[in-house]
Amino acid sequence: MTITSPHLGSSADSWTDARLLYALEEVVEQELNRHLKVAKDWMPHEYVPFSDARNFPGIFEDGEAWEKGQSPVTDIGRIALVVNLLTEDNLPSYHHEIASLFGRDGAWGTWVHRWTAEEGRHGIVMRDYLLASRAVDPDQLEQFRMAHMSEGFESDNRHSMLHSVAYVAFQELATRISHRNTGHQSGDPVCDRMLARIATDENLHMVFYRNLLKAAFELAPDLTMQAVRDVVVNFRMPGHGMPGFERAAAQMAIGEVYNMRIHHDDVLQPVLRFLKVLEIDGLGPEGLKAQEELGFFMGGLDAEASKFDERLAARKARMAARGAGPAAAPGA
């Protein structure tokens, strides 16, 4: 699809955020209608094992204190579930960010509110599951939530509508992969089914933004290429500011929930390949420079991921020889 508008210029200097929002409105409406046709509503309570729940200490005299052994969830599953839920908890900040960038009117506004409503279900079902199944310490979880949300969230890409669209195209896929792998590593089939349901939503969100990014490439290829370059090179997950994130991220990398290899192979490459970003021609000097830098970065990331793979394989061999479970990060 080629987008043209007699009211807008095509040079890079002419593309303000306001003009890009206007030019992409029709695409947003098309993608919104497609999304609403394929998305399926679901009930969070249908995925939660409420029959396993029991009272915690508090106003209930029969409250039972939390203990680690009360849930079948694995250690890595517990760590990843907390990271994933705390990330979802900052939804009010995310809504503020995208509503400020995309607006609250027209197709853009309808999408912003629909996306927020769908994401809200994720936090609801995850918290209900964690408490009903006693997978995590509820006091510690609430302390983490308060600390994380009290800091708020400011996107690295809030300065630019194009950068924000590029970021969420990758980030929604990263979230899908993180949820899906957490389910696989959780040790609980109920948790796995719940996170598979969430991952389906995240994939649909990724498709929406990926297709919007495709339209942006056809509209303003040089600016979009620069935005993609900047986002990929400086990519950070939205939960990076939560308490203990660095340690949790290292443990998730070891547990193969989310690491450098997964980020390269399962998040960055699929989007770049689908959009044929490294094959786009006809770019101006700045767009071509960004494309070349992106290609070099991806090559370097692949090499770094291979080194990580080697360290992880060596660590697994050592642990197998010792008959022990995971402990420290590769190279630690």
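Residues numbered from 1 in each chain as written. Predicted model: local features only at pLDDT ≥ 70, side-chain atom pairs only at ≥ 80, totals over all residues. Heavy atoms only, no water.

**Considering the overall build of the protein chain**
Now for step 1: The number of helices and strands found in the protein chain is 11 helices and 0 strands.
Now for step 2: Starting at the N terminus, the α and β elements of the protein chain follow one another as α-α-α-α-α-α-α-α-α-α-α.
Now for step 3: What you see for the protein chain is a C-alpha radius of gyration of 21 Å, in line with the 20 Å of a compact globule of 332 residues.
Now for step 4: Principal axes of the C-alpha set define a box for the protein chain whose edges measure 70 × 45 × 35 Å.
Now for step 5: Long-range contacts, defined here as pairs at least 24 residues apart, represent 80% of the contacts in the protein chain between residues at least 6 apart. (Helix = DSSP H or I, 4+ residues; strand = E, 2+ residues; numbered from the N terminus. Rg over C-alpha atoms; globule rule 2.2 N^0.38 Å. Contact = heavy atoms within 4.5 Å.)

**With respect to the nonpolar core**
Now for step 1: The biggest cluster of nonpolar side chains holds 61 residues, and the ones touching the most others in it are Phe-102, Met-161, Phe-170, Tyr-209 and Val-228.
Now for step 2: At the level of secondary structure, the elements contributing two or more residues to this core comprise helix H1 (17-38), helix H3 (91-102), helix H4 (106-132), helix H6 (161-185), helix H7 (189-219), helix H8 (221-233), helix H10 (260-275) and helix H11 (285-322).
Now for step 3: Per-element tally for this core: the top contributor is H6, with 11 residues.
Now for step 4: Of all hydrophobic cores here, the second largest spans 27 residues; its members include Val-48, Leu-85, Met-126 and Phe-245. (Core = buried A, V, L, I, M, F, W, Y, C linked by side-chain atoms within 4.5 Å. Buried < 20%, exposed > 50% of the residue type's maximum accessible area, 1.4 Å probe, protein only.)

**A few points about the side chain of Glu-31**
Now for step 1: By the secondary structure assignment, Glu-31 is in helix H1.
Now for step 2: The class of Glu-31 is buried, set by a relative accessible area of 11%.
Now for step 3: Beyond its immediate chain neighbours, meaning those up to four positions away, Glu-31 contacts Val-207, Phe-208 and Asn-211.

**Notes on the packing of H1 against H4**
Now for step 1: Remark: H1 packs on H4, axes separated minimally by 8 Å, with the N-to-C direction vectors making an angle of 45 degrees. It follows that H1 is oblique to H4 by the angle criterion. Seen from above, H1 lies across H4 with left-handed handedness. Here Leu-21, Leu-24, Glu-25, Val-28, Glu-29, Leu-32, His-35 and Leu-36 of H1 lie close against H4, whose contacting residues are Gly-106, Ala-107, Trp-108, Thr-110, Trp-111, Arg-114 and Glu-118.
Now for step 2: A per-class count over the contact of H1 with H4 returns 8 nonpolar, 3 polar and 4 charged. (Axes fitted to C-alpha atoms, helices over the stretch in contact; angles between N-to-C directions. Parallel < 35°, antiparallel > 145°, perpendicular 65-115°, else oblique. Left-handed = near helix turned anticlockwise from the far one by under 90°. Nonpolar A, V, L, I, M, F, W, Y, C, P; charged D, E, K, R; others polar.)

**Considering the pattern of salt bridges**
Here the idea is simple: oppositely charged side chains can pair when their charged atoms come close.
Now for step 1: This structure, assessed with the given rule, holds 19 salt bridges.
Now for step 2: Of the charged contacts in the structure, one is a salt bridge between Asp-192 and Arg-180, with a shortest N-O distance of 2.9 Å. In this pair, Asp-192 is assigned in helix H7 and Arg-180 in helix H6, connecting sequence segments 12 residues apart.
Now for step 3: Assessed through its relative accessible area of 22%, Asp-192 is described here as partly exposed.
Now for step 4: Each of Asp-41, Arg-114, Glu-118 and Arg-121 takes part in a single network of salt bridges with overlapping partners. (Salt bridge = Lys/Arg side-chain N within 4 Å of Asp/Glu carboxyl O.)

**Thoughts on H4**
Now for step 1: For H4, with 27 residues, the first-to-last C-alpha span of 40 Å sits near the 39 Å given by 1.5 Å per residue.
Now for step 2: Just downstream of H4, Arg-134 is the residue with a positive phi angle, here 55 degrees. (Expected span 1.5 Å × (residues − 1).)

**Considering the environment of Tyr-258**
Now for step 1: With respect to the element layout, Tyr-258 can be found in the loop between helix H9 (245-254) and H10.
Now for step 2: We classify Tyr-258 as buried; its relative accessible area is 14%.
Now for step 3: In sequence terms Tyr-258 and Leu-204 are 54 residues apart; their C-alpha atoms lie 20 Å from each other.
Now for step 4: Residues within four places of Tyr-258 in sequence aside, it is in contact with Ala-174, Ser-178, Ala-249, Met-252, Ala-253, His-263 and Val-267.
Now for step 5: A distance of 2.6 Å separates polar atoms of two side chains, one belonging to Tyr-258 and the other to His-263. (Polar contact = N/O pair within 3.5 Å; in protein donor to acceptor, adjacent residues only side chain to side chain.)

**A word on the confidence of the model for the protein chain**
Now for step 1: Per-residue confidence for the protein chain averages 90 on the pLDDT scale, and 93% of its residues sit at or above 70.
Now for step 2: For the stretch residues 1-10, pLDDT sits under 50, and the model shows 20 contacts to residues farther than four places along the chain or on other chains.
Now for step 3: Segment residues 327-332 is flagged for pLDDT under 50; beyond a separation of four residues in sequence, or across chains, it makes 11 contacts in the model. (pLDDT = per-residue confidence, 0-100.)

**Let's talk about H6**
Now for step 1: Along its 25 residues, H6 runs 36 Å from first to last C-alpha, staying within 8% of the 36 Å computed at 1.5 Å per residue.
Now for step 2: Most of H6 is tucked away: 21 of the 25 residues are buried.
Now for step 3: Capping the start of H6 is the job of one residue whose side-chain oxygen sits 3.3 Å from the backbone nitrogen of Leu-162: Ser-160.
Now for step 4: One or two positions beyond H6, positive phi appears at Gly-187, with a value near 80 degrees.

**Some remarks on the packing of aromatic side chains**
Now for step 1: Tallied over the entire structure, the rule returns 6 aromatic pairs.
Now for step 2: When the ring of Phe-102 is compared with that of Trp-108, the centres are 4.7 Å apart and the planes differ by 35 degrees; the resulting orientation is tilted.
Now for step 3: In this structure Phe-102 comes out as buried when scored by relative accessible area, which is 5%.
Now for step 4: Residues Trp-111 and Tyr-209 carry aromatic rings whose centres are separated by 5.8 Å and whose planes lie at 80 degrees to one another, so their mutual orientation is edge-to-face. Of the two residues, Trp-111 is situated in helix H4 and Tyr-209 in helix H7; the sequence distance between them amounts to 98 residues.
Now for step 5: When its relative accessible area of 0% is taken as the criterion, Trp-111 is described as buried.
Now for step 6: A network of ring pairs unites the aromatic residues Trp-111, Phe-208 and Tyr-209 as a single cluster.
Now for step 7: Here the basic side chain of Arg-134 rests over the ring of Phe-56, its NZ or CZ set 4.0 Å away from the ring centre. (Phe/Tyr/Trp six-rings, centres within 6.5 Å; stacked < 30°, edge-to-face > 60°. Lys NZ or Arg CZ within 6 Å of the ring centre and 35° of its normal.)

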